[in-house]
Amino acid sequence: MDPSRNNMPLEFNRSKGKPPKVYTRNDTEDVDGEDVISSTASAAAIAAATAAASSTNTIMTNSQYNMAHLANSSMEMGPADNSMGSGMVGSLMGTVGPMGPNMMMGPVNMGQKEVITLESCVLYPPHPDAPPHSVRERPPGCRTAFVGGLPENITEEILHEVFERSGPIETIRLGKKNFAHIRFINQDSVEQAMYLSGYRMKIENKDDKPNTGRLHVDYANARNDQHEWECEQRALAREMRHQQQLQDECMRVPSPPPVAPFTVYDGNALLEVIKSDTGFMQGSQQLITWLDRGSVDKRSSSLFYSLIQSSNTHVRRLITEKQQYEEEVNQAKLLFKQRVQGILVQLGQIEHIFAATRKQKNWDHFTKAQRKNIDTWYKQVQEVKESQQAEFLKERTEDEMELSDTEPEPEGPSSKKRKPNSEGVQLSALKEENDSLKCQLEAYVNEAEMVKVESKQNTEALERQITSLQNALKGMQQQLIAQQAQARRSLSQENSKSTMPDNQEHESSSRETRDREDNDVIFVTSEKVVNVASAGRSQDSAITSSGVNLSEKEARMMGLIACFLNVHPHGATVDYLWSYLSQMMTVKPREIEDLLDRLPCLFRQDLAGCGATLERRWCFVGFQKEKSSAT
């Protein structure tokens, strides 16, 4: 299990209460399925080598044995640990010293164990036929070795002297029951210490029980080792995640900056940016974002229209740039054709050289090998020239076909002649100008349609107002006629009650006068109504009555004032009338007062109140004329 992804609580001494596991030569995989490259296999190999060495009856010195063992262990550890093994070999050679003259020299056996003599103790190897000691499974990150079977008189100094050759020691913890835990600085030192497992230790080379013990070296389940190893794995995993995050950030596409909401200030600034050639791309992106968000309203519609119009002005610039690029491409093609023609000319010169060389007066002086090489070169030059000519003719044919598709031939005897290049440039310029004018014409047509629609709406609203005014005047006329008829009936009844013979002539004359005046009022009112109705049909004509000329605006004001004062029998001031009329038209108080003064037959000014509350009020008297005349 990968400790960097392990979220389970820490577990230590997992092999507690289990029988020790003994590895054999046939064991090739451990619990996790990985290859076993540990000291168990090396212990089995050492035991086999020891048995083989005992059969040959050879004797090795301490230095030879240590050198052979360390060389073997360095080969088993791999290239990463060879430095440690070489250092151990040098330290052992320097400690033991050279061989004496009385020592027997025999063949070097790499797996044989010999006596190790130290200052405080002597280590005797186990019997060659002894079975290998059982070794538990190595915990991950193990740097602590368990040493059992120690003598009773053992001390930390003796253990330090014995195991310091395996590697630098960090701490030694000596137990009360003849065992100790030795923690090394390096993990490989535990493997080197496993070599001493099975040795018999004699302190000061004494054979008594307190000074004698058989060493048993094994891996130790130390919490510190496992904790440090897990911390290293987690740190490694964090570093890997950090590197992966940095790599992902480098590969991530940078996000565009956010676009701020639309404001009038930002819109005016964007208008200047869009007009420039360099900031058009960035400004157009901001404009598209605003349009996608729906930021256009009635107040900002003119500003957005200016932005869109400025964007449209870049069309002509882009077309001009495209034309420049096309000219550059045409010049490059022309230059390419000239260079290719120069290459073909040079190939032709080389071909002429080979042709002149093949003349008989020159050909006879060359050797056979030289003639063969010249023939080969001549054929190669001909092939290259033919391929280049075919490619050049193909490109020329394609260009002619393109010209024939784009430019139709003119009629007449000069149809075979190609148009000059200047005419083509002029035609393209005229075409671009025509396109730009067409775009402008479409914009003007759209504006004209918008103005037409607005004027149509205004005309319809005006017609509706005129129709409502005509209806109001018709109602007033009918009401006036009904009141006049009622007044005549009342007068006739009064006259019938008070009839006298001597006053018949006077009454008949007064009745004729009243009838004449009533007919005049009805004629004036009908004429005004007819004139107002005709003003709705023709706006330029003026409304006329007996001695009074009214424009369309004045006629409308008169009708509205008459309607307003008809429902206000006590009258109204000029300011009150102006506040009412200003809701429907643009009018000044002076115009209202002039119109009321010009029509005394319909409107009359009265004074109301006294002192500071004195007011001038206008009243509608169109229906009171008959009563005043009767009195």
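Nothing here was measured: the structure is a model prediction, and the numbers come from that model.

## Here we look at the environment of Val122
Among the secondary structure elements, Val122 is positioned in strand 2 (residues 121-124). Classification of Val122 as buried rests on a relative accessible area of 8%. When sequence neighbours within four positions are dropped, the list of residues in contact with Val122 reads Val115, Ile116, Thr117, Arg200, Met201, Lys202 and Asn205.

## Comments concerning the sheet that holds strand 2
Within the open sheet, the 4 strands sit side by side as 1-2-6-7. Their pairing is antiparallel. Two strands bound the open sheet, and with one partner strand each, they are strand 1 (116-117) and strand 7 (212-214). As judged from the 2 bridges shared by strand 1 and strand 2, these two strands associate in the antiparallel manner. Paired with Ile116 across the bridge in strand 2 is Leu123.

## Comments concerning the UniProt feature "coiled-coil region" (unreviewed entry) in the protein chain
Mapped onto the present numbering, the UniProt feature "coiled-coil region" (unreviewed entry) falls on residues 308-335. Taken end to end, residues 308-335 is 96% helix and 0% strand, and its first and last C-alpha atoms sit 41 Å apart.

## Details of the packing of aromatic side chains
Counting across every chain of the model gives 8 aromatic pairs. Look at Phe262 and Trp290: their rings are 5.1 Å apart centre to centre, the planes differ by 80°, and that puts the pair in the edge-to-face class. Taken as a pair, Phe262 in the loop between helix 6 (223-251) and helix 7 (264-275) and Trp290 in helix 8 (residues 280-293) lie far apart in primary sequence, 28 residues in all. This pair shows no difference in class: Phe262 is buried, exactly as Trp290 is.

## Here's the deal with the sheet that holds strand 4 (residues 169-174)
Sheet architecture is open: 4 strands sit in the order 4-5-3-8, paired in antiparallel fashion. What marks the edges here is a single partner per strand, and that holds for strand 4 and strand 8 (216-219). Averaged over neighbouring strand pairs, the angle between their axes works out to 20° when direction is ignored. Bridging between strand 3 (residues 144-148) and strand 5 (residues 179-184) involves 5 bridges; their strand directions are antiparallel. Note on strand 5: the bridge partner recorded for Phe146 is His181. The strands that helix 4 (residues 156-163) touches are strand 3, strand 4, strand 5 and strand 8; relative to strand 4, the one it contacts most, it runs at about 140°.

Thresholds, definitions, all that
- Residues numbered from 1 in each chain as written.
- Predicted model: local features only at pLDDT ≥ 70, side-chain atom pairs only at ≥ 80, totals over all residues.
- Heavy atoms only, no water.
- Helix = DSSP H or I, 4+ residues; strand = E, 2+ residues; numbered from the N terminus.
- Buried < 20%, exposed > 50% of the residue type's maximum accessible area, 1.4 Å probe, protein only.
- Contact = heavy atoms within 4.5 Å.
- Pairing = 2+ DSSP bridges.
- UniProt positions renumbered as here; feature names shortened; annotations may be inferred.
- Phe/Tyr/Trp six-rings, centres within 6.5 Å; stacked < 30°, edge-to-face > 60°.
- Axes fitted to C-alpha atoms, helices over the stretch in contact; angles between N-to-C directions.

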